[in-house]
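Geometric and topological summary
One letter stands for each residue in the lines below.
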There are 2 protein chains.
Amino acid sequence: MAIRDLTSERLFIADDLAAGVSVELAQQQAHYLTNVLRLRPGAKLLVFNGRDGEWQASLIESRKRTTVLGIEEQTRPQEQGPDIDYLFAPLKRSRLDYMVQKATEMGVRRLRPVITERTIAERVNSERMLANAIEAAEQCGILRVPEVEPPVSLETALAAWDPARALIYCDEHETAADPIATLRKVPAGPVAVLIGPEGGFSNGERSRLLANSYVVPLPLGPRIMRADTAAVAALTLVNAVLGDWQRL
Amino acid sequence: MAIRDLTSERLFIADDLAAGVSVELAQQQAHYLTNVLRLRPGAKLLVFNGRDGEWQASLIESRKRTTVLGIEEQTRPQEQGPDIDYLFAPLKRSRLDYMVQKATEMGVRRLRPVITERTIAERVNSERMLANAIEAAEQCGILRVPEVEPPVSLETALAAWDPARALIYCDEHETAADPIATLRKVPAGPVAVLIGPEGGFSNGERSRLLANSYVVPLPLGPRIMRADTAAVAALTLVNAVLGDWQRL
């Protein structure tokens, strides 16, 4: 792991990336590079699209209405990261932004909002979630931007669940002895982490979850946490025990 | 662990707490209870002072200038939590607020800002840090509010270090295989977690750290993280392996 360094600009662009191609930027990105960062022709930056790895690019032209990047050489191959779905009850705006950024830094593959009984029902802004995921990926050099799934009810998510994917959920009623020992028992394969709303799961939801053999309740210590803290804590333990934080 | 529930108000007050005493609140807290929460005489809430545990109190009087709480019965004894010092290079304001709140939820004992070579030097507002720690403690029912130490240079902190306290630091250059195995080697006893600035430690700082037998470099996976994310991740692993997240 590295703490983020601020030395090189990284930009997500939708276009395919390959040596020698040039990419015309959308106005907003052009504005950012030329007016906010004040990059001039010849300036180097890094670009990625979530598919083709990371590439060095240079600003080859910058006029009022068109900014073009020349894609030069690949600096990193595309990486996949761990197969972790992250299911979460949407939080209020700023904490949701934060949670999405953190889940992206934790390398999750999919962001899956689930509506639970105690979810403070707010319109879930999928575009805003994707924008936050992209921003976190740009800042932290994450080459795989998480997919943002449309919100569904917890019921619906469970009804369609693939039992091959362990569902690790953080439950305030869970009293298992040891989070690491708990995760070591999870069979190898795809996993999902579920964080409930502030206020927790209802008893009905808890029983519906625990009725499934693929569900693993994860204890996170004796203290109460905000939901966004529990998210980073759970994803940390899952990465450390089941994910890609071990170089074995 | 429990996700925060929103059912009971918790208030930090400086006064000693015991059954039968009454406490006159400062104006700001009085305003919060009577005008923001609109509590009326007889309303119940929870109070704590970081020393005497958690107590049920009721609003026994509320006039324009004086709001008095009657302390009734203890709801939880004082808890100590793990002996974890948290050392961190101060971040910009909102991320520092967040980092302090998260460290409090993680149950750290002391908040110790350290100035490193690449710290984006800003005035460190200790009062603001304490206010954020208290807010997090109120929201999450943490009965021990972390102490806030004055900022010192990393040099000074190391010069005065008690070698009995392991110093676990997160280093972008660390390539140890497994964070959990790394922490399992740390001898039982007090610990500290050190998170560097965005931009990381200098080579000089790194050598000065590694020259000490009490220093344990902790790897946090292959991805870059914001410093405040690394803080929650490192404190999670330390709690899970060395702290009080295991009920054995």
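Residues numbered from 1 in each chain as written. Chains lettered and ligands numbered in written order. Predicted model: local features only at pLDDT ≥ 70, side-chain atom pairs only at ≥ 80, totals over all residues. Heavy atoms only, no water.

Another point: the packing of helix 2 (residues 93-105) of chain A against helix 3 (residues 126-140) of chain A. When two helices pack together, their arrangement is captured by the angle between the axes and the distance separating the axes. Residue and element names in this part refer to chain A. Their axes nearest at 8 Å, the elements helix 2 and helix 3 cross at an angle of 45°. As the angle between them shows, helix 2 and helix 3 are arranged oblique. Every pair of crossing elements has a handedness; the one defined by helix 2 and helix 3 is right-handed. For the pair helix 2 and helix 3, the contacting residues are Arg-93, Leu-96, Asp-97, Val-100, Gln-101, Thr-104 and Glu-105 in the first and Arg-128, Met-129, Asn-132, Ala-133, Glu-135, Ala-136, Ala-137 and Cys-140 in the second. Among the residues forming the contact of helix 2 with helix 3, the class breakdown is seven nonpolar, three polar and five charged. (Axes fitted to C-alpha atoms, helices over the stretch in contact; angles between N-to-C directions. Helix = DSSP H or I, 4+ residues; strand = E, 2+ residues; numbered from the N terminus. Parallel < 35°, antiparallel > 145°, perpendicular 65-115°, else oblique. Left-handed = near helix turned anticlockwise from the far one by under 90°. Contact = heavy atoms within 4.5 Å. Nonpolar A, V, L, I, M, F, W, Y, C, P; charged D, E, K, R; others polar.)

Now for the domain arrangement of chain A. All names here are of chain A. Here the domain parsing of chain A yields domain 1 (10-76) and domain 2 (84-247). Relative to domain 2, the C-alpha centre of domain 1 lies at a distance of 33 Å. Tallying the contact residues gives eight residues for domain 1 and nine residues for domain 2. Across the domain 1/domain 2 interface, buried area totals approximately 700 Å², and carbon plus sulfur atoms make up 66% of it. Of all residues in domain 1, Arg-10, Phe-12 and Phe-48 give up the largest surface area on contact with domain 2, accounting jointly for 64% of the area buried on that side. There are zero salt bridges connecting domain 1 and domain 2. (Domains from an automatic or database assignment. Buried area = accessible area lost by both parts, 1.4 Å probe. Salt bridge = Lys/Arg side-chain N within 4 Å of Asp/Glu carboxyl O.)

Residue and element names in this part refer to chain A. Applying the stated criterion to the full structure yields nine aromatic pairs over all chains. Considering the side-chain rings of Trp-161 and Tyr-214, the 5.8 Å spacing of their centres and the 15° angle between planes classify their relative orientation as stacked. On the criterion of sequence distance, the pair formed by Trp-161 in the loop between helix 4 (154-159) and strand 11 (166-170) and Tyr-214 in the loop between helix 6 (203-210) and strand 13 (215-218) is long-range, its members being 53 residues apart. (Phe/Tyr/Trp six-rings, centres within 6.5 Å; stacked < 30°, edge-to-face > 60°.)

On to the side chain of B:Glu54, then. All names here are of chain B. Inspection of the secondary structure puts Glu-54 in strand 5 (residues 54-62). Within the structure, the side chain of Glu-54 is placed 2.8 Å from the side chain of Arg-10, a separation counted as a polar contact. Among residues more than four places away in sequence, those in contact with Glu-54 are Arg-10, Leu-46, Val-47, Phe-48, Glu-73, Gln-74, Thr-75, Arg-76 and Leu-143. (Polar contact = N/O pair within 3.5 Å; in protein donor to acceptor, adjacent residues only side chain to side chain.)

All names here are of chain A. Per-residue confidence for chain A gives a mean pLDDT of 89, with 92% of residues at or over 70. Taking the mean pLDDT of every element in chain A, the minimum, 49, falls on strand 1 (residues 2-3) and the maximum, 97, on strand 12 (residues 191-195). Contacts for the low-pLDDT stretch residues 1-6, under 50 throughout, to residues beyond four places or in other chains number 32 contacts. For this predicted complex, the interface confidence score (ipTM) comes to 0.89, while the overall pTM stands at 0.90. (pLDDT = per-residue confidence, 0-100.)

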